Amino acid sequence: MSDEKRVPKRIAQTLINSLKGGVVPRTGLPYITVGRKNEIEALLHDVDIVSEGGASFRFIVGKYGSGKSFLLQTIRNYVMDKGFIVADADLSPERRLQGTKGQGLATYRELISNLSTKTKPEGGAVTLLLDKWINKIQAECMEESKFLPGSGEFSLEVDKKIYFTLSSLSELVHGFEFGNILSKYYHAYIEGDDDMKMKIVRWFRGEYTRKTDAKEALGVNIIITDDDWYEYIKLFAMFFRLAGYSGMMIMVDELVNIYKIPNAITRQYNYEKMLTMYNDTLQGKAKYLGIIMGATPQTLEDKRRGIYSYEALRSRLAEGKFSRPGMRDLLSPVIRLDPLTPEEMLVLCGKLADIHAGLYDYKKTLDDKDLGDFIKLEYSRIGASENITPREVIRDFIELLDLLYQNPNLSINELLNSDGFDFAKPDNVSDNVDENFVEFTL
């Protein structure tokens, strides 16, 4: 690998460790992105629509380990570079879209705690965003007003500017209250009242569970609840635009945790909330907001427990007659991830071999034929054509690289033909594998 293309060791370490552990790294994805060009382009088209004041809703559907989370993370990094605010959350038994014990509010709290920007990609950006908005308002007033900053007249001008700016929020549900609390934050900011600022941030995070607590702390008689948390997501999207950002993208993964809910009525309530979000984005009731959700095929298609069990969603999301593997309609609400091809996996393994060699400071010894032998072996497993996922291939390959690095006298052929690679034995190789399986070239 040439010096100009060498991956910094800090990022290389994160990439190798994350992929070996079966999770998607938060940084360094451009170094290993392979395939998914059409899917990425389709999602980036949505990003353009959102930045112009529209809204979008997409489902990313694929098997475990097929690359859903990787695709979500790739889009996440891209949109932050484009000036978007990003919030992401994985659903769980404690986090749903709707619940009787605050599970919907728990999802909202997770999204808000994970608010990220290009300058704060690790999340926790609420205070930063509020302060940046105030600085933007003050800067605009300094340009437009003849009053000096810090004077009573200047403060009054800023108040007027805030009122005028936030008036556009009043058309949304809870918009007036949202704007009122933002105004309170401004006054706490200029007065240096850190205690009040923290109380307001707690309110925005959905941490008040009783109206009496919010009334005592802030003088407001409203809190964010399990029923209306999504309304505040729409308000945040509008507010972030007013604060100078391109819009807001929220990413919700692991919808399988709704599918697993044992109570049918509770599942239906969650699908009803999903339908509300879907309808809002398509009907123009949300602005500057993009929503992407990740699901497995079973979570989507099971007509007894899955999303398709809710007829209103099934009729909107069901695939048409003409789509098929290899030719999907990527403009539809559902983007189905076809498996990466062996050729694409070969390119990815080549990238990983370079990164691994750079991380541990050794000269890469694997050539194109070695990589081809490994990929052919992986795809020769019985049932591999239907069931193998990038996650499995990547983990096997990194293990292979680790063993070769730790045992320099061992050749790749010895390792691939060893008892440890049981699937490589003749009895475990599919009868359907073509001897000329694929022509492997980088």
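Source: prediction; values computed, not measured. (Residues numbered from 1 in each chain as written. Predicted model: local features only at pLDDT ≥ 70, side-chain atom pairs only at ≥ 80, totals over all residues. Heavy atoms only, no water.)

Here we take up the overall build of the protein. Looking only at helices and strands, the protein features 19 helices and five strands. Counting all 442 residues of the protein, 52% fall into the buried class. In the protein, the proportion of contacts linking residues at least 24 apart, taken out of those at least 6 apart, comes to 69%. Of the roughly 21,500 Å² that the protein leaves accessible, carbon and sulfur atoms contribute 50%. (Helix = DSSP H or I, 4+ residues; strand = E, 2+ residues; numbered from the N terminus. Buried < 20%, exposed > 50% of the residue type's maximum accessible area, 1.4 Å probe, protein only. Contact = heavy atoms within 4.5 Å. Areas by Shrake-Rupley, 256 points an atom, 1.4 Å probe, with all protein chains shown as cover.)

Glancing now at the pattern of salt bridges. Tallied over the entire structure, the rule returns 20 salt bridges. Where E301 meets R336, a salt bridge forms, and the shortest distance between an N and an O atom there is 2.4 Å. With E301 in helix α13 (residues 297-301) and R336 in strand β5 (residues 334-336), the pair connects residues that are 35 residues apart, well separated along the chain. E301 sits in the partly exposed class, given a relative accessible area of 33%. Residue R336 is classed as buried on the basis of its relative accessible area, which comes to 12%. Members of the salt-bridge network, linked through shared partners, are K136, E140 and K161. (Salt bridge = Lys/Arg side-chain N within 4 Å of Asp/Glu carboxyl O.)

Okay, the packing of helix α2 (residues 37-51) against helix α3 (residues 68-81) next. It is at 11 Å that the axes of α2 and α3 come closest, and there the two elements cross at 40 degrees. In terms of orientation, α2 and α3 fall into the oblique class. Classified by chirality, the crossing of α3 by α2 is right-handed. Seen from α2, the contacting residues are E39, I40, L43, L44 and V47; seen from α3, they are L71, T74, I75, Y78 and V79. Residues of the contact of α2 with α3, tallied by class, amount to eight nonpolar, one polar and one charged. (Axes fitted to C-alpha atoms, helices over the stretch in contact; angles between N-to-C directions. Parallel < 35°, antiparallel > 145°, perpendicular 65-115°, else oblique. Left-handed = near helix turned anticlockwise from the far one by under 90°. Nonpolar A, V, L, I, M, F, W, Y, C, P; charged D, E, K, R; others polar.)

Our next topic: the sheet that holds strand β1 (residues 55-61). What the five strands build is an open sheet, ordered β2-β3-β4-β1-β5; its pairing is parallel. Strands with a single pairing partner mark the edges of an open sheet, and in this sheet they are β2 (84-90) and β5. On average, adjacent strands in this sheet sit at an angle of 20 degrees to one another, irrespective of strand direction. One ladder, built from five bridges, connects strand β3 (residues 247-253) with strand β4 (residues 289-295); its direction is parallel. Within β4, the position partnered with M251 by the bridge is I292. Contacts from α3 reach β1, β2, β3 and β4 within the one sheet, and its direction differs from that of β3 by about 165 degrees. Seen against the sheet, helix α4 (residues 103-113) touches β2 and β3 and runs at an angle of roughly 135 degrees to β2. (Pairing = 2+ DSSP bridges.)

This structure, assessed with the given rule, holds 16 aromatic pairs. Measuring from ring centre to ring centre gives 6.3 Å for F178 and F239, while their planes differ by 70 degrees; the resulting arrangement is edge-to-face. With F178 in helix α7 (residues 175-190) and F239 in helix α10 (residues 229-242), the pair connects residues that are 61 residues apart, well separated along the chain. Take F178: its relative accessible area is 0%, and that puts it in the buried class. The exposure class of F239 is buried, given its relative accessible area of 0%. Between the NZ or CZ atom of R202 and the centre of the ring of Y208, over which it lies, the distance is 4.6 Å. Directly above the ring of Y259 sits R305, whose terminal nitrogen or CZ lies 5.6 Å from the centroid. (Phe/Tyr/Trp six-rings, centres within 6.5 Å; stacked < 30°, edge-to-face > 60°. Lys NZ or Arg CZ within 6 Å of the ring centre and 35° of its normal.)

Next up on the list: the pairing of β1. The buried fraction of β1 is high, at seven of seven residues. Sheet topology places β1 next to β4; seven bridges connect them, and they run parallel. By the bridge assignment for β4, F59 is matched with M293.

The topology assignment puts R96 in the loop between β2 and α4. Owing to a relative accessible area of 14%, R96 belongs among the buried residues under this scheme. What R96 contacts, discounting residues up to four positions off in sequence, is L91, Q103, G104, T107, I261, T266 and N270.

By secondary structure assignment, the location of N17 is in helix α1 (residues 9-20). Look at N17 and you get partly exposed, because its relative accessible area is 44%. Taking the C-alpha atoms as reference points, N17 and I398, separated by 381 residues in sequence, lie 9.2 Å from one another.

Turning to the nonpolar core, a few remarks are in order. Of all hydrophobic cores here, the largest spans 83 residues; its most connected members are F59, W203, I233, M248, L255, M274 and M293. If near-sequence neighbours (up to four positions away) are discounted, W203 is found in contact with I181, Y208, A214, L218, V220, I222, I223, I224 and Y232. L15, V34, F374 and L416 belong to the second largest nonpolar core, which has 36 residues in total. (Core = buried A, V, L, I, M, F, W, Y, C linked by side-chain atoms within 4.5 Å.)

Residues K197, I200, V201, W203 and F204 constitute the buried set of helix α8 (residues 194-204). Across the axial projection of α8, the buried residues extend over an arc of 155 degrees, all falling on one side. Buried-residue contacts for α8 involve α4, α5 (126-144), α7, α9 (211-218) and α10. A positive backbone phi angle near 75 degrees is found at G206, which sits one or two residues after α8. (Arc of directions from axis to C-beta.)

Keep in mind these numbers describe shape, not what the thing actually does.
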